[in-house]
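# Fold and contact review
Residues per chain are reported as follows:
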Amino acid sequence: MRAMNDTLTMPIPGHIDPVPVPRPAVVREDGRIDLLGLGRESLREALAAAGLEAKQAKLRAKQLWHWIYNRGVTDFTLMTDIAKAQHPWFAQHFVVSRPEVVEAQVSADGTRKWLLRSPDAQDYEMVFIPDADRGTLCVSSQVGCTLNCTFCHTGTMRLVRNLTAGEIVGQVMLARDSLGEWPSQPEGRMLTNIVMMGMGEPLYNFENVRDALKLVMDGDGLALSKRRITLSTSGVVPMMARAGEEIGVNLAVSLHAVTKEVRDEIVPLNRKYGIEELLAACAAYPGANNARRITFEYVMLKDKNDSDAEAHELVRLIRKYRLPAKVNLIPFNPWPGSEYECSTPERVRAFSNIVFESGISAPVRTPRGRDIDAACGQLKTASEKKSRAEMDRLAAEKQAAIG
Ligand code: SAH
Ligand code: SF4
């Protein structure tokens, strides 16, 4: 059975845990260890545990790191600075995996969506959105989501599990494979930006998201600047300061409403962490300033949250907390069975104008990939959802079958 990539770190409220605790390596059915998602220290430990003596383990870990995260190589025989005679030993003990691609779709507007599957048969999705001046990969952090925002298709899935750091960074590496963008190079990339806006709430899978993004941001690894990475949260207030300190990427907050009544209804997490508390956490977010604004996402739902009065209230709240902010208005993307309609284009424009005239930028996001259900909030895999107990039972049966 594949062991979960659970973390051993214990969060200390208000502090950053100064001791990096290596996470346990994942063991596969064939007994080999998957190196994807391991940081420098964990790589070294995995090699030492497999029998390399300390100095060798250190050297080989350094080399492997470069091949895996800078060059995108998954085949040990191509790692030319590792002695040929050692290649079989590596292949016998380790693999460098990629998420399995079940289906790849391309939208009329060039947006691409991949349905991915984990070894324990959990499905999740990633989306690539090409633009004239950039290419954005929308990455998932969980299979499904526990939070049940009423306008979001992913929220109707029962959470199956958190994605591991390997599965998260694996999405970026798979995209690089398919775009042919190895080795990491600063110029001429198609994949320039990453948004943690796929399936799931990234701050409910904090450590795996953090560890994956560290690999993405490492200058000797995937080498994407933190300024080009955005983490979107529906408002997990207690984790926001840590996200700023330990990850340090741009922050987007799914606000979507300005009154308790409406936000309680459409983003149920608001009942736990209210609007004022959320905005105070935004004001305290490390690294937010006028050059790096916080993005407030606001889904435009007809007759629900789209009045002039609500636009004025949004401006008042942003001013009250002196937030370096921009507002991203997202036309609601419908999905089968959804109970909302998108605001009319005139309403969206009127709302945007009110915010804009107060001096806050308020662009309207163009929906991308709607025809392949790749737009914001449309991600939902068709796979049957299994409870934890069912998964454990199936895993036990599988284990028994392979002896
Ligand atoms: N869980 C995180 C990140 C994933 S969702 C979060 O909620 O922020 C990315 C964005 O898409 C969020 O702002 C989310 O509220 C929005 N969204 C969800 N469903 C949508 C829909 N049907 N139409 C438009 N935007 C939607
Ligand atoms: Fe989860 Fe975000 Fe969808 Fe809400 S909007 S259900 S937090 S993925």
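Fair warning: this is a prediction, and the values are worked out from it, not measured in the lab. (Residues numbered from 1 in each chain as written. Chains lettered and ligands numbered in written order. Predicted model: local features only at pLDDT ≥ 70, side-chain atom pairs only at ≥ 80, totals over all residues. Heavy atoms only, no water.)

## Here's the deal with the site of ligand 1
For clarity, the threshold we go by: When we say a residue is near a molecule or strand, we mean one of its heavy atoms is within 4 Å of it. Polar contact is defined as a pair of N or O atoms within 3.5 Å, subject to the rule that within protein one atom must be able to donate a hydrogen and the other to accept it, and that residues adjacent in sequence are counted only when both atoms are side-chain atoms. Helix and strand labels come from DSSP, where a helix needs a run of H or I of at least four residues and a strand needs a run of E of at least two; each type is numbered from the N terminus. Put simply, Ala, Val, Leu, Ile, Met, Phe, Trp, Tyr, Cys and Pro go in the nonpolar bin, Asp, Glu, Lys and Arg in the charged bin, and everything else, Gly too, in the polar bin.
Residues in close proximity to ligand 1 total 21 residues, the closest being Phe151, Ser232, Ser254, His256 and Asn333. Backbone polar atom of Gly200 to a nitrogen atom of ligand 1: 2.9 Å apart, as the coordinates give it. In the environment of ligand 1, an oxygen atom lies 2.6 Å from a nitrogen or oxygen atom belonging to the side chain of His256. Among the secondary structure elements, those contributing two or more residues to the shell around ligand 1 are strand S11 (229–233), strand S13 (294–300) and strand S14 (325–331). A breakdown of the residues in the shell around ligand 1 according to their chemical character gives ten nonpolar, nine polar and two charged.

## Some remarks on empty space enclosed by the protein
This is how it is decided: The distinction between a cavity and a pocket rests on a 1 Å grid over the protein atoms alone: a 1.4 Å probe fits inside a cavity but cannot get out, while a pocket stays open yet meets protein on both sides within 12 Å along at least five of seven lines, and a residue with an atom within 4 Å of a point counts as lining. Grid points are joined across faces, edges and corners, and a volume is the space filled by probe spheres set on the points.
Across all of its chains, the model carries one cavity of 30 Å³ or more by this definition. In this structure, the largest cavity spans a volume of roughly 60 Å³. Lining the largest cavity are Gly248, Val249, Asn250, Leu251, Tyr285, Pro286, Gly287, Ala288, Arg292, Arg293 and Ile294. Residues of the lining of the largest cavity, tallied by class, amount to six nonpolar, three polar and two charged.

## Focus: the pattern of salt bridges
Where charged atoms from two side chains of opposite charge come close, those side chains can pair. Quick reminder of the rule: Just to be clear on terms, a salt bridge is a Lys or Arg side-chain nitrogen sitting within 4 Å of an Asp or Glu carboxyl oxygen. For every residue, the accessible area obtained with a 1.4 Å probe (protein chains only) is divided by the maximum for its type, and the residue is called buried under 20%, exposed over 50%, and partly exposed between those limits.
Applying the stated criterion to the full structure yields 22 salt bridges. One salt bridge connects Lys260 with Asp264, and the closest N-O pair in it is separated by 2.7 Å. Taken together, the positions of Lys260 and Asp264, both in helix H7 (residues 260–266) and four residues apart, correspond to about one turn of that helix. The class for Lys260 is exposed, based on a relative accessible area of 54%. We classify Asp264 as buried; its relative accessible area is 14%. Residue Glu265 pairs with Lys304 through a salt bridge whose shortest N-O separation is 3.0 Å. Residue Glu265 is found in helix H7, and its partner Lys304 is found in the loop between S13 and helix H9 (308–320); the two are separated by 39 residues along the sequence. With relative accessibility at 24%, the residue Lys304 sits in the partly exposed group. Connected through salt bridges with shared partners, the residues Glu207, Arg210, Asp211, Arg242 and Glu246 form a single ionic network.

## As for the environment of Leu52
The criterion, for reference: Whether two residues are in contact is decided by their heavy atoms: any pair within 4.5 Å suffices.
Mapped onto the fold, Leu52 is located in the loop between helix H1 (40–49) and helix H2 (54–70). On the accessibility criterion, Leu52 (12% relative accessible area) is buried. Setting aside chain neighbours within four positions, we find Leu52 in contact with Leu47, Ala57, Arg60, Gln86 and Trp89.

## Brief notes about unusual backbone geometry
In this chain, Trp182 is followed by Pro183 through a cis amide linkage whose omega measures -10 degrees. Of note, Ala121 is a non-glycine position whose phi angle comes to about 65 degrees, a positive value. One can find Ala121 in the loop between strand S5 (112–117) and strand S6 (123–130). The exposure class assigned to Ala121 is partly exposed, which follows from its relative accessible area of 46%. Its identity as a non-glycine residue notwithstanding, Asp373 has a phi of 55 degrees, on the positive side. Within the secondary structure layout, Asp373 lies in the loop between helix H10 (345–357) and helix H11 (388–402). Asp373 gets classed as partly exposed once you look at its relative accessible area, which sits at 38%.

## Remarks on the nonpolar core
Formally: The set of buried Ala, Val, Leu, Ile, Met, Phe, Trp, Tyr and Cys residues whose side-chain atoms join them within 4.5 Å is what this entry labels a nonpolar core.
Counting residues in each nonpolar core, the largest one holds 117 residues, and the members touching the most others are Leu35, Leu64, Phe151, Phe296, Leu314, Val327 and Val355. Element by element, the count of residues in this core is highest for helix H4 (residues 165–179), at eight residues.

## Quick look at the packing of aromatic side chains
As a reminder, the rule being used: Pairing of aromatic rings covers Phe, Tyr and the six-membered ring of Trp, with a centre-to-centre limit of 6.5 Å; geometry is then stacked below 30 degrees between planes, edge-to-face above 60, and tilted otherwise. For a lysine, the NZ atom is tested; for an arginine, the CZ atom; a charge sits over a ring if that atom is within 6 Å of the ring centre and within 35 degrees of the ring normal.
Considering all chains together, one arrives at seven aromatic pairs under this definition. Geometrically, the ring pair formed by Trp89 and Phe90 is edge-to-face, given 5.1 Å between the ring centres and 85 degrees between the ring planes. Residue classification places Phe90 among the buried residues on the basis of a relative accessible area of 0%. Measuring from ring centre to ring centre gives 6.3 Å for Phe90 and Phe94, while their planes differ by 40 degrees; the resulting arrangement is tilted. Using a relative accessible area of 1% as the deciding quantity, one classes Phe94 as buried. Among the aromatic residues, those joined into a ring-pair cluster are Phe76, Trp89, Phe90 and Phe94. Just above the ring of Trp65 sits the side chain of Arg40; from NZ or CZ to the centre is 4.0 Å. Just above the ring of Trp182 sits the side chain of Arg176; from NZ or CZ to the centre is 5.1 Å.

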